[in-house]
Amino acid sequence: MEPKKKEKEPSPNNEKTSVSKSIFVGFQHVLAMDLFIPPIILAGLLSLTVGDTALLIQMTFIACGLATLIQAGFAMKLPVMQGPSFVPLTALAAIGTTSGLGAMIGSLIPGAILIALIGRLKLFSKVVKKFIPPIVAGTVIVVVGISLMPSAISSVYNAPGNANVNIMIAFISASILIGCMYLGEKATKRFRFVKLASVIMALGIGTIIASFYGLVDFSSVKDSSWFALPSIFAFGMPTFELDAVLIMIAIYMIIVIETTGTWFTVGEVTDQKLDDKRLNGGAVGEGLGCLTGSFFGGTPVTGYSSNAGIIAVTGIKSRRPILAGGAILVVLGMMPKLTSVIASIPGVVISGVFAVLCVVIMMNGLKVIKNEPFTERNMIVIGVPIMLALFAALIPQEVMSGLPNLATYFVASGTAVGAIGALVLNVLLPEKLEDKKTVTAKGEIEYATR
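Rules used throughout
Residues numbered from 1 in each chain as written. Predicted model: local features only at pLDDT ≥ 70, side-chain atom pairs only at ≥ 80, totals over all residues. Heavy atoms only, no water. Helix = DSSP H or I, 4+ residues; strand = E, 2+ residues; numbered from the N terminus. Buried < 20%, exposed > 50% of the residue type's maximum accessible area, 1.4 Å probe, protein only. Contact = heavy atoms within 4.5 Å. Patch = residues over 30% accessible without salt bridge, like charges linked within 9 Å, V, L, I, M, F, W, Y side chains within 5 Å. Areas by Shrake-Rupley, 256 points an atom, 1.4 Å probe, with all protein chains shown as cover. Salt bridge = Lys/Arg side-chain N within 4 Å of Asp/Glu carboxyl O. Phe/Tyr/Trp six-rings, centres within 6.5 Å; stacked < 30°, edge-to-face > 60°. Core = buried A, V, L, I, M, F, W, Y, C linked by side-chain atoms within 4.5 Å. Lys, Arg positive; Asp, Glu negative; His and termini not counted. Polar contact = N/O pair within 3.5 Å; in protein donor to acceptor, adjacent residues only side chain to side chain. Expected span 1.5 Å × (residues − 1). Axes fitted to C-alpha atoms, helices over the stretch in contact; angles between N-to-C directions. Left-handed = near helix turned anticlockwise from the far one by under 90°. Nonpolar A, V, L, I, M, F, W, Y, C, P; charged D, E, K, R; others polar. Disulfide = S-S within 2.5 Å. pLDDT = per-residue confidence, 0-100. Parallel < 35°, antiparallel > 145°, perpendicular 65-115°, else oblique.

Topic: the overall build of the protein chain
Phase 1: Within the protein chain one finds 21 helices and four strands.
Phase 2: The burial tally for the protein chain puts 53% of its 450 residues in the buried class.
Phase 3: A fraction of 85% describes how many contacts in the protein chain between residues 6 or more apart in sequence connect residues 24 or more apart.

Here you go:
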């Protein structure tokens, strides 16, 4: 009698998950994303009205939902949720305020097409292996958090109204977020939702407190419809300015570094190997997702690492909940009344919460680089980009106004300055042989391969 052939175990990506379970877990993924924060921050930087802010949030939901369906459905085929990136916010605001929203939208299109082409030509995986080691990816994430902090803090100080009241409300909102995050981490599984909904709870309670001081206006909500189909180029037709396009191409490269770290995190959590095919497919999905976002006037999308935590907590590694989450985002994006409620949250509440999120982003970057040896060379590669990002973030307005457009767009993004600094320093500074030694979990010395 012949022995039975061992059946091949199904991939975690393809494990069977019921529709109801997929929707339930997918909704948890959506709650963990807090993807309405970037469009609110961008709207504030652009001085948009509450109505236009609500529209930007609505379009962002739809763009992220479609980008998620593209990435998880047929591009990378990993359970990766796509959300708006924090990286380009200051650069987009500089373009929008200097050259108009049409130029801002137009600047998004060429870079997105380029990223998709790099993946389609199978070049992306080679670039990752050569130029994006963990020390660069982690440093870029740290730079993102640090370079956004001054904007979050100054928004509290410069908000209209009583400065003392604004600072108090921002402090309370930030404290609630920190408390919910801590309690959610320490709580039993039954109350783990406290952490998942921590941002929503902080924004909600902060808004209630702000209402006692007359800082909340929900008048736009009653005028909003319950359902509306999305509009292509809702903020105007794109125009193309060379300076704006060039700076956004550079920033797209930085976004790709950011999202690559997320892909590796999801790959580890789901026990899926990130081979060349997946990396190149991910670049195609990233490019197509960003292109889709540009049609709706949203910000470029990126993979969200917070969703890797949901996968780890739930143990569900299938793509089905992610696809369900993408569909949920599209549906939510067709509900203007919901986005009007979000757009009515006071700016000081948003800024208080955003400041804490900047810290979370920074610490996630430190997690990526914590295993790198802290040699003098590596300290320069990590530390100098942070310094450069702060130089850009704190540059006086009178100096900024005297720069040409291309330099203005570049310097306006501390993330771009710091990230390019990390890439250049990592390539230019030679790595000594002993610097490549790493200590394994068993305590043995081996040479790390790049």
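What follows continues from the structure just given.
Focus: the side chain of asparagine 280
Phase 1: Examined against the element boundaries, asparagine 280 turns out to sit in helix α13 (residues 276-295).
Phase 2: Here asparagine 280 falls in the buried class, since its relative accessible area comes to 7%.
Phase 3: Those residues in contact with asparagine 280, other than ones at most four positions away along the chain, are Gly119, Lys122, Leu123, Phe124 and Ser125.

Considering a nonpolar patch on the surface
Phase 1: Taken together, the side chains of Val127, Phe131, Val424, Val427 and Leu428 make up a nonpolar region of the molecular surface, amounting to roughly 420 Å² of accessible area.
Phase 2: Counting residues per element, the nonpolar patch draws most heavily on helix α21 (residues 414-428), at three residues.
Phase 3: In this structure, valine 427 sits in helix α21.

What about the packing of aromatic side chains?
Phase 1: For the coordinates displayed, the defined rule picks out one aromatic pair.
Phase 2: Centre to centre, the rings of phenylalanine 124 and tryptophan 263 are 5.9 Å apart; their planes meet at 70 degrees, and the pair counts as edge-to-face. Linking phenylalanine 124 in helix α6 (residues 124-131) with tryptophan 263 in helix α12 (residues 242-270), this pair joins segments that are 139 residues apart in sequence. Per residue, the accessibility class of phenylalanine 124 equals that of tryptophan 263, and both read buried.

Digging into the nonpolar core
Phase 1: In this structure, Phe36, Ile37, Phe86 and Leu203 are the most contacted members of the largest nonpolar core, which totals 108 residues.
Phase 2: Residue contributions to this core peak at twelve residues, all from helix α7 (residues 134-157).
Phase 3: For phenylalanine 86, the contacting residues outside a window of four places in its chain are Ile37, Pro38, Val144, Leu148, Tyr304, Phe354 and Ile361.

Notes on the side chain of glutamate 286
Phase 1: As for its position among the elements, glutamate 286 is in helix α13.
Phase 2: Summary of buried charges: glutamate 286 has no salt-bridge partner, and the nearest side chain of opposite charge, arginine 278, is 14 Å away.
Phase 3: Reaching out from glutamate 286, the side chain makes a polar contact with the side chain of glutamine 82 at a distance of 3.1 Å.
Phase 4: With residues near it in sequence (within four places) discarded, glutamate 286 still touches Gln71, Gln82, Ile115, Ile255, Thr259, Trp263, Val301, Thr302 and Gly303.

Quick look at helix α18 (residues 376-393)
Phase 1: With 18 residues, α18 ought to run about 26 Å at 1.5 Å a step, and its terminal C-alpha atoms sit 25 Å apart, in line with that.
Phase 2: Taken residue by residue, α18 has Arg377, Asn378, Val381, Ile382, Pro385, Ile386, Ala389 and Ala392 as its buried positions.

Overview of the packing of helix α2 (residues 37-46) against helix α3 (residues 50-75)
Phase 1: For the pair α2 and α3, the least separation of the axes is 9 Å and the interaxial angle reads 145 degrees. Crossing hand, α2 versus α3: right-handed. For the pair formed by α2 and α3, the contact residues are Pro39, Ile40, Leu42 and Ala43 on the first element and Thr53, Leu56, Ile57 and Thr60 on the second.
Phase 2: Here the contact of α2 with α3 is built from residues that sort into six nonpolar, two polar and no charged.

Regarding the state of the cysteines
Phase 1: For the structure shown, the criterion picks out zero disulfides.
Phase 2: Considering cysteine sulfurs only, cysteine 290 is the nearest to cysteine 64, which forms no disulfide, with 9.5 Å between them.
Phase 3: The class of cysteine 64 is buried, set by a relative accessible area of 1%.
Phase 4: On the basis of relative accessible area, cysteine 290 is assigned to the buried category, the value being 2%.

Some points on the confidence of the model for the protein chain
Phase 1: Confidence in the prediction for the protein chain averages 78 pLDDT; 83% of positions are at 70 or higher.
Phase 2: Mean pLDDT across the elements of the protein chain bottoms out in strand β4 (residues 445-447) (31) and peaks in helix α5 (residues 101-120) (90).
Phase 3: In this model residues 5-9 is a low-confidence stretch, pLDDT under 50, and it forms zero contacts with partners more than four residues away in sequence or in other chains.

Brief notes about the environment of methionine 33
Phase 1: Here methionine 33 lies in helix α1 (residues 19-33).
Phase 2: Counting along the chain gives 166 residues from methionine 33 to valine 199, while the straight-line C-alpha distance between them is 9.4 Å.

Describing the environment of alanine 228
Phase 1: Assignment of secondary structure puts alanine 228 in the loop between α11 (219-222) and α12.
Phase 2: Residue alanine 228 is classed as partly exposed on the basis of its relative accessible area, which comes to 22%.
Phase 3: Expressed as a C-alpha distance, the spacing of alanine 228 and glutamine 58, which sit 170 residues apart in the sequence, is 9.7 Å.
Phase 4: If sequence neighbours within four positions are ignored, alanine 228 has contacts with Gln58, Met334 and Pro336.

A look at the packing of α18 against α21
Phase 1: Running from N to C, α18 and α21 cross one another at 155 degrees; their axes reach a closest spacing of 7 Å. Classed by the angle they form, the pair α18 and α21 counts as roughly antiparallel. Of the two elements, α18 crosses α21, and the hand of that crossing is right-handed. Two secondary-structure elements touch here, α18 through Arg377, Ile380, Val381, Val384, Pro385, Leu388, Ala389 and Ala392 and α21 through Gly414, Val417, Gly418, Gly421, Ala422, Leu425 and Asn426.
Phase 2: Among the residues making up the contact of α18 with α21, the classes are represented as ten nonpolar, four polar and one charged.

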